[in-house]
Protein chains: 2
Amino acid sequence: MYSTEILTKYADLVLKIGVNLQKNQGLEIACPVENAYIAEIFAKRAYLHGAKIVKIRWSCESVDKINFENASVDALKEVPKWFVDSKNYLVENNFCYIAIDSDDPFAFKDIPAEKLFAVQKAKSKALKKFSDSVMSNGIRWCVVSLPSKGWAEKVFPNDADPQNKLFAEIIKTMRLNSNDPVKEWQAHIFKLESRAEFLNANRFKYLHFTNSLGTDIKVGLADNHKWLSAKELAKDGVGFVANIPTEEVFTAPHKDRIDGIVYSALPLSYNGQVIDEFCFKFRKGKIVEFSAKKGYGTLKELINTDKGTLSLGEVALIGKNSPIAKSQILFYNTLFDENASCHLALGKGYPTTVDNGEKLSVKELKSLGVNDSVEHVDFMIGTPDLNVHGIKEDGSSILIFKDGEWVI
Amino acid sequence: MYSTEILTKYADLVLKIGVNLQKNQGLEIACPVENAYIAEIFAKRAYLHGAKIVKIRWSCESVDKINFENASVDALKEVPKWFVDSKNYLVENNFCYIAIDSDDPFAFKDIPAEKLFAVQKAKSKALKKFSDSVMSNGIRWCVVSLPSKGWAEKVFPNDADPQNKLFAEIIKTMRLNSNDPVKEWQAHIFKLESRAEFLNANRFKYLHFTNSLGTDIKVGLADNHKWLSAKELAKDGVGFVANIPTEEVFTAPHKDRIDGIVYSALPLSYNGQVIDEFCFKFRKGKIVEFSAKKGYGTLKELINTDKGTLSLGEVALIGKNSPIAKSQILFYNTLFDENASCHLALGKGYPTTVDNGEKLSVKELKSLGVNDSVEHVDFMIGTPDLNVHGIKEDGSSILIFKDGEWVI
């Protein structure tokens, strides 16, 4: 369907810039069976880059849907120990982990939200050790996307060949059209890192977001917070980029210091369901009121997953002129949509967004204000008229974003 | 590609007659990603028959091949504990297990035989507990086949649509063209069981095989041996049919009482490689000489896998007029080719082929003459002029097969 040349560039970018695969290292790729061809290309390229072994973790959304439609909640909730072990195995053996996301955003729209949540919660709980490892960079990982038929048809319902059209857009956002995408990404990462360095140098106490939707929220930042961008260091000291594409600069909010109201700027696709036109009112870091014009039940389940889903784990800044924002496409996929707009995340914060956070316990992280949860769900708040002020300890203020774009 | 009607019949036959899925029972299906569509149909039908949960164990021969070509023997030999546990989980939780075989018989023809064997041996060793459970009917399992592109092209290299042609042949052998395949199979099984009952009633000491290829071998039968056919009882007391199609009536040879020479009647496809025109000379149950015009190295590795691969674990009788034999097609797939011809198997014997064998230890089984090994590999010996005599303890003889067909 797509040319081998472009797919090879795709694989090479993810292997080199994404997980930064080292010689004699294992690689696992989570791949939908519908896009099995890419697993072959990844495997071939990975060995050229020196992989020790390549394993594939296959998935199939159609079968998942049949299971959700037919099996009991109890049967679906059971996560075998071997499955948990199979994930922890990756961390214990320092595998690189690439997840290829082709999810149809509406795949599970007919499944009751409570059922989806009960299962999701059981899985998240069972796999907490693994997701904690991933979020504290215990392994080098990268999430990328490739169109499935179902997903592409949702994004371009009226196109003759939606899958090719969506892939063409993904190619643009991943800068794969250039002669040397790896070099492009090195330059791009440099720019993002400079912004993070500016924010770190200013040691803001909180950020103040305002726009015409009605958003007026002060998001306190965690003690010892650290702004990060695309490139991070894994525990083994080797750099990697966890999302491709990525345009964001992000850090940890202080879970007890969030006050005001925030309105969603884009729909949120979660668990195969869509939540839209929603808002949260925060007081002292907790959601005290919320509403949603679409997907209210799903949103209610989401924020009540555990204590942590009532607060925030991430604040991220993205200018409205990023390639994804400029495409004006609603991808129904967080990987892209989160890079189209400033966003916040309900749930767990990244330990890496505070100094030496990888080495701190959950309790120590919490004392700095870093939120904990089994979930981490981004939602978009950036509009073309969003302003963001950074407020320092002494009350002085610097304008960071004006009309949805960086001004620093 | 194939009609939903025929695929539904296919799935129903395997679920009802094959694994005989019971209400509220788990089901795992081993399925190649290339044939993912069948997993969906199986899952839907399984729930209609009352399945508790359906899990898919995906495989991809193309990726396996890339791994064999590029990874070291040591990397390939590593079988993670979680993987072993994932198999034993099926037995511990009384899952039904369906394996859909679409293997390309020549997929691994360019991989050195020693490499394939070292890996195969490590896997068989790691999974011995599971394969022992399967062979002693610790779970209800069924192996069936569905064409892949690669396999079909090998069987029908000159056909415009080999996959459809191969599926049409498989449909015939599975009797799916009838109005009620389940009923057809009930009648077929009854006939096979009657033959097994005749053989059991005669308590033969050994079988004497002769034909014009030069085969002249006396295969002693294990003490307390039991002839089995299609239907077996699993440990939970529920019947199942482990292979569809199946035409054979089979039992355990006595591992120390095999003498003479036996010639292969068909090529053997093993580990993606083909062995042809081979013969074995046995003395007191052990191979003492062997030859092969094709695949000698592979055969040598195979018979030297362990002590057990130098002896036999199965003797099976199939008439030359079975639908598969009559099709005159070489399927390059044991499931079909073993049902085209009388055969023997190198390696492990089925505990179920002696009285109460499921309850006996390996040591007890061995003392009855049942062979043990990490392998079990069928090879075909039946020709259109094969005669088989059954010889009793008192030396009296009954002609069982004349010119390749049952005479009882």
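The structure displayed is predicted, hence computed values, not measured ones.

Colleague: Which residues make up the packing of aromatic side chains, and what values do they have?
Modeller: The final tally for this structure, using the stated rule, is 43 aromatic pairs over all chains. Aromatic pair Phe280 of chain A and Phe282 of chain A: ring centres 6.2 Å apart, planes at 65 degrees, arrangement edge-to-face. Here a set of aromatic residues connected by ring pairs shows up, and it is made of Trp82, Phe83, Tyr89 and Phe95 of chain A together with Trp82, Phe83, Tyr89 and Phe95 of chain B. Sitting over the ring of Phe83 of chain A, Arg57 of chain A keeps its end group 5.4 Å from the ring centre.

Colleague: Please provide a residue-by-residue account of the sheet that holds strand S4 (residues 141-145) of chain A, values included.
Modeller: In sheet architecture, strand pairing relies on hydrogen bonds along the backbone and comes in two forms, parallel and antiparallel. Residues and elements named next belong to chain A. The strand order across the open sheet formed by four strands is S2-S1-S3-S4, and the pairing between neighbours is parallel. The open sheet has two edge strands, strand S2 (53-59) and S4, and neither has a second partner. Strand after strand, the sheet turns through a mean of 15 degrees between neighbouring axes, direction not considered. Where strand S1 (residues 26-32) meets strand S3 (residues 96-101), four bridges bridge the pair, whose relative direction is parallel.

Colleague: Can you lay out the relation of the copies chain A and chain B for me, pointing to particular residues and giving the numbers?
Modeller: Superposing chain A onto chain B takes a rotation of 180 degrees combined with a translation of 0.0 Å along the rotation axis, leaving an RMSD of 0.0 Å. Both chain copies can therefore be described as sitting about a two-fold axis. Judged by C-alpha distance, Trp82 of chain A is the residue of chain A that lies nearest the rotation axis, at 2.4 Å. Of all interface residues in chain A, 100% are interface residues in chain B too; the two copies therefore contact each other through one and the same surface.

Colleague: Run through the nonpolar core, naming residues and quoting values.
Modeller: Counting residues in hydrophobic clusters, the biggest one holds 246 residues, and the most contacted among them are Trp58 of chain A together with Trp58 of chain B. Aside from chain neighbours lying at most four places away, what touches Trp58 of chain B is Val33, Trp58, Cys60 and Val63 of chain A together with Cys31, Pro32, Val33, Ala36 and Ala39 of chain B.

Colleague: Residue-level account of helix H7 (residues 128-135) of chain B, with values.
Modeller: Residue and element names in this part refer to chain B. When H7 is considered as a whole, its buried residues turn out to be Lys128, Phe130, Ser133, Val134 and Met135. Buried residues along H7 sit in contact with helix H5 (81-92), helix H6 (113-126), strand S4 (141-145) and strand S16 (376-380). Once H7 ends, the next one or two residues include Asn137, with phi positive near 60 degrees.

Colleague: How would you explain the interface of chain A and chain B if you had to name every residue and give the values?
Modeller: Of the residues lining the interface, 28 residues belong to chain A; the matching set on chain B comes to 28 residues. Both faces combined, the contact of chain A with chain B buries some 2,600 Å², and carbon together with sulfur accounts for 71% of it. Viewed at the interface, chain B and chain A are joined by zero salt bridges. Put simply, chain A and chain B have eight residue pairs in polar contact (both at pLDDT 80 or more) between them. The dominant element in the side of chain A that touches chain B, judged by the number of residues it contributes, is helix H2 (residues 36-48) of chain A, at six residues. The class makeup of the residues in the side of chain A that touches chain B is 18 nonpolar, four polar and six charged.

Colleague: So what's going on with the pattern of salt bridges? Residues and values would help.
Modeller: Residues and elements named next belong to chain A. Under the criterion given, the structure shown has 37 salt bridges over all chains. With a shortest N-O distance of 3.5 Å, Lys293 and Glu277 are connected by a salt bridge. One end of the pair, Lys293, is in strand S13 (residues 286-294); the other, Glu277, is in strand S12 (residues 273-283), with 16 residues separating them in the sequence. Accessibility expressed as a relative area gives 70% for Lys293, which makes it exposed. Across the salt bridge formed by Asp372 and Lys348, the nearest N and O atoms sit 3.3 Å from each other. Within this pair, whereas Asp372 is found in the loop between helix H14 (362-368) and strand S16 (376-380), its partner Lys348 is found in the loop between strand S15 (343-347) and H14, the two being separated by 24 residues in sequence. Connected through salt bridges with shared partners, the residues Lys128, Asp132, Lys348 and Asp372 form a single ionic network.

Colleague: Let's hear about empty space enclosed by the protein: which residues, and what values?
Modeller: Using a probe with the size of a water molecule, rolled over the atoms, empty space left in the structure can be pinpointed. One pass over the structure, following the stated rule, counts four cavities of 30 Å³ or more. Computed from the structure, the largest cavity encloses a volume of approximately 90 Å³. Lining the largest cavity, in full, are Pro267, Leu268, Ser269, Tyr332, Asn333, Thr334, Asp337, Glu338, Asp378, Phe379 and Met380 of chain B. Of all the elements in the fold, those that place two or more residues in the lining of the largest cavity are strand S11 (268-270), helix H13 (334-337) and S16 of chain B. At three residues, the largest contribution of residues to the lining of the largest cavity is made by S16 of chain B. The volume enclosed by the second largest cavity comes to roughly 70 Å³. Lining the second largest cavity are Pro267, Leu268, Ser269, Tyr332, Asn333, Thr334, Asp337, Glu338, Asp378, Phe379 and Met380 of chain A. Broken down by secondary-structure element, the contributors of at least two residues to the lining of the second largest cavity are strand S11 (268-270), helix H13 (334-337) and S16 of chain A.

Calculation rules
- Residues numbered from 1 in each chain as written.
- Chains lettered and ligands numbered in written order.
- Predicted model: local features only at pLDDT ≥ 70, side-chain atom pairs only at ≥ 80, totals over all residues.
- Heavy atoms only, no water.
- Phe/Tyr/Trp six-rings, centres within 6.5 Å; stacked < 30°, edge-to-face > 60°.
- Lys NZ or Arg CZ within 6 Å of the ring centre and 35° of its normal.
- Pairing = 2+ DSSP bridges.
- Helix = DSSP H or I, 4+ residues; strand = E, 2+ residues; numbered from the N terminus.
- Axes fitted to C-alpha atoms, helices over the stretch in contact; angles between N-to-C directions.
- Least-squares fit on C-alpha atoms with pLDDT ≥ 70 in both.
- Contact = heavy atoms within 4.5 Å.
- Core = buried A, V, L, I, M, F, W, Y, C linked by side-chain atoms within 4.5 Å.
- Buried < 20%, exposed > 50% of the residue type's maximum accessible area, 1.4 Å probe, protein only.
- Buried area = accessible area lost by both parts, 1.4 Å probe.
- Salt bridge = Lys/Arg side-chain N within 4 Å of Asp/Glu carboxyl O.
- Polar contact = N/O pair within 3.5 Å; in protein donor to acceptor, adjacent residues only side chain to side chain.
- Nonpolar A, V, L, I, M, F, W, Y, C, P; charged D, E, K, R; others polar.
- 1 Å grid on protein atoms, 1.4 Å probe; cavity = no way out; pocket = protein on both sides within 12 Å on 5 of 7 lines; lining within 4 Å.
- Points joined across faces, edges and corners; volume = space filled by probe spheres on them.

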